[in-house]
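The lines below spell out each chain.
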Amino acid sequence: MKKLIKDEIILAVISFITIVVLLIVPFINQKINITNYFDDPKNNEEQYLENIANIYDVEINTIHIYNINNKYQNIKISKENEIISFVINKNTKNRVESKILFKNESIEDINKLINQEVFIKYPKFIAEELIKDTTTTQYEFNNDGIIIYFDDFITNPLYKKTTYITLTCPQIKEYIKYTCVNENITSNPNTPILDKNKKTIAITFDDGPHKYTKPILETLQENHMNATFFQVGTNMLGKDNIIKQILEQGNEIGSHSYSHKSLTSIKKDALEKEINYFNNIYYGITSNNTSLLRPPYGNINNDIQSKLNYSFILWSVDPEDWKYKDAQKIAENVLSEVEDGDIVLLHDIHLTTSEALKIILPELYVRDYQVVTVSKLAELKNYSLEKNKIYRNFK
Ligand code: ZN
């Protein structure tokens, strides 16, 4: 008897919770449907703005109206992280599909162009999400071309920025039904540019080239980031292709000596060999010299510093990737320590380091970091790299 009552109570509680949940769920994330508002042709322009402002609870000045041609208008409303953009028929005041402004036969080309530009602007882990069919897009037609905003972006809950790409008039003029105004745009607005005001660090890889240098280069490229490789002369022999690829991708190479000897504990002849042999091999492959040196084991003294004509690059973040052969642990060590202006020490001779990089770089992107070469970091932080000087960071 007692048990029966208990069961009934449990049942009642469960039913109650279910009803409450069913009642609440439809109101979470509910989007206001504004289509109906423009179905009434009697609404005039002023009323529109007022109506839109009321519906979205926004100030009139956050609404932009672009005249596309005599027939259509594009209205864009910005509200915090939300952008609502739609096309209306100027005469009927009815909302119409943005895509009616594209030539029918061009839809495929437009989509190809969007895909291409998304991968130019965003790292792979974001770009792949943006081009999924489930992503809703808002088209903003303005004088420079079209801005495409992507909604529903949930790759990383921390990445809460508005994601968008710009298609310029020269890129789209063949695909659209109206005349685009600024036909003289030559640069691609989607190409990422480095920003002096953003947090920036340098990642360095020692002891290669090695078989893991290639996957590391791939991860750097996918994330639109660069690094400095301090290479060992004996490892460079016969590795012309990978060395050229490192440089072609915008990375840089510094000397890590010829055979990884501690420079502070060898005689003059051996020291010269460590420096010159590296230079000969490097010059033979690249027809270039490097002015950066990372002494093996970080061993340096006053004598070496004044004798060798290099900028000596040490580091400020050491996740000890040679010790912890665990990608997650290495990534945590970097991410918990790294700050603006740091130089991170890694080695491109461990599989786990290569795997850790796949965690580190997207997370740094989400945290709004730029990852660049040592020389670029110095430049962005207003340092001039001097010879016979030691650098551990650029803060
Ligand atoms: Zn080393």
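## Here's the deal with the coordination of the zinc ion
Here's step 1: Distances from the zinc ion to its protein donors, D207 (OD), H256 (NE2) and H260 (NE2), fall at 2.1 to 2.2 Å.
Here's step 2: Ordering the donors of the zinc ion by residue number gives the pattern D-x48-H-x3-H.
Here's step 3: For H256, a relative accessible area of 2% translates into the label buried.

## Observations concerning the pattern of salt bridges
Where charged atoms from two side chains of opposite charge come close, those side chains can pair.
Here's step 1: Across all of its chains, the model carries 17 salt bridges by this definition.
Here's step 2: One salt bridge in this structure joins K395 and E339, with 3.5 Å as the shortest N-O distance. Of the two residues, K395 sits in the segment after β15 (389-391) while E339 sits in the loop between α11 (327-337) and β13 (343-347), which places them 56 residues apart along the sequence.
Here's step 3: On the basis of relative accessibility, which here comes to 51%, the residue K395 falls in the exposed class.
Here's step 4: For E379, the salt bridge goes to K376, with nearest N and O atoms at 3.4 Å. Placement of the pair is E379 and K376 together in helix α13 (residues 374-380), with a separation of three residues, close to one helical turn.
Here's step 5: E379 sits in the partly exposed class, given a relative accessible area of 46%.
Here's step 6: Judged by relative accessible area, K376 falls into the partly exposed class, the value being 30%.

## Section: helix α8 (residues 240-248)
Here's step 1: If you check which residues of α8 are buried, you get I242, I243 and I246. Projection of α8 onto a plane perpendicular to its axis shows the buried side chains occupying an angular sector of 100 degrees, all on one side. Exposed positions of α8 whose direction lies more than 90 degrees from the buried face are N241 and E248.

## Points about the confidence of the model for the protein
Here's step 1: Scored by pLDDT, the protein comes out at a mean of 88, with 85% of its residues at no less than 70.
Here's step 2: Here residues 21-39 is modelled with pLDDT under 50, and outside its nearest four sequence neighbours on either side it reaches 21 contacts, counting other chains as well.

## Some details on unusual backbone geometry
Here's step 1: With an omega of 0 degrees, the peptide bond running from G208 to P209 counts as cis.
Here's step 2: Within the fold, P209 resides in the loop between β8 (199-206) and α6 (213-222).
Here's step 3: Phi at N388 takes a positive value of approximately 60 degrees, unusual for a residue other than glycine.

## Focus: the sheet that holds strand β7 (residues 163-168)
Here's step 1: Pairing within the open sheet is antiparallel, and its three strands lie in the order β5-β6-β7. Each edge of the open sheet carries a strand with a single partner, namely β5 (137-142) and β7. Between one strand axis and the next, the sheet turns through 20 degrees on average, direction left out of account.
Here's step 2: In terms of strand pairing, strand β6 (residues 145-150) meets β7 through six bridges, oriented antiparallel. By the bridge assignment for β7, I146 is matched with L167.
Here's step 3: Sheet strands in contact with helix α3 (residues 107-121) are β6 and β7, and its direction is about 120 degrees off that of β7.

## Observations regarding the packing of aromatic side chains
Here's step 1: For the coordinates displayed, the defined rule picks out 11 aromatic pairs.
Here's step 2: Between F125 and Y365, the ring centres sit 6.2 Å apart and the planes meet at 85 degrees, which makes this aromatic pair edge-to-face. Taken together, the residues span a long stretch of sequence, with F125 in helix α4 (residues 124-130) and Y365 in helix α12 (residues 351-366) at a distance of 240 residues. Here F125 matches Y365 in class, with each residue buried.

## Comments concerning the nonpolar core
Here's step 1: Core analysis: the biggest nonpolar cluster contains 65 residues, and I203, L220 and L364 have the highest contact counts within it.
Here's step 2: The greatest single-element share of this core, amounting to seven residues, is contributed by α12.
Here's step 3: Not counting the four nearest positions on each side in its chain, I203 is found in contact with A227, T228, V344, L346, L357, I360, L361, L364, V371 and V372.
Here's step 4: One finds L292, V374, A378 and L380 within the second-largest nonpolar core, a separate group that totals 12 residues.

The rules behind these values
- Residues numbered from 1 in each chain as written.
- Predicted model: local features only at pLDDT ≥ 70, side-chain atom pairs only at ≥ 80, totals over all residues.
- Heavy atoms only, no water.
- Donors = N, O, S within 2.8 Å, 3.2 Å for Na, K, Ca; no water.
- Buried < 20%, exposed > 50% of the residue type's maximum accessible area, 1.4 Å probe, protein only.
- Salt bridge = Lys/Arg side-chain N within 4 Å of Asp/Glu carboxyl O.
- Helix = DSSP H or I, 4+ residues; strand = E, 2+ residues; numbered from the N terminus.
- Arc of directions from axis to C-beta.
- pLDDT = per-residue confidence, 0-100.
- Contact = heavy atoms within 4.5 Å.
- Pairing = 2+ DSSP bridges.
- Axes fitted to C-alpha atoms, helices over the stretch in contact; angles between N-to-C directions.
- Phe/Tyr/Trp six-rings, centres within 6.5 Å; stacked < 30°, edge-to-face > 60°.
- Core = buried A, V, L, I, M, F, W, Y, C linked by side-chain atoms within 4.5 Å.

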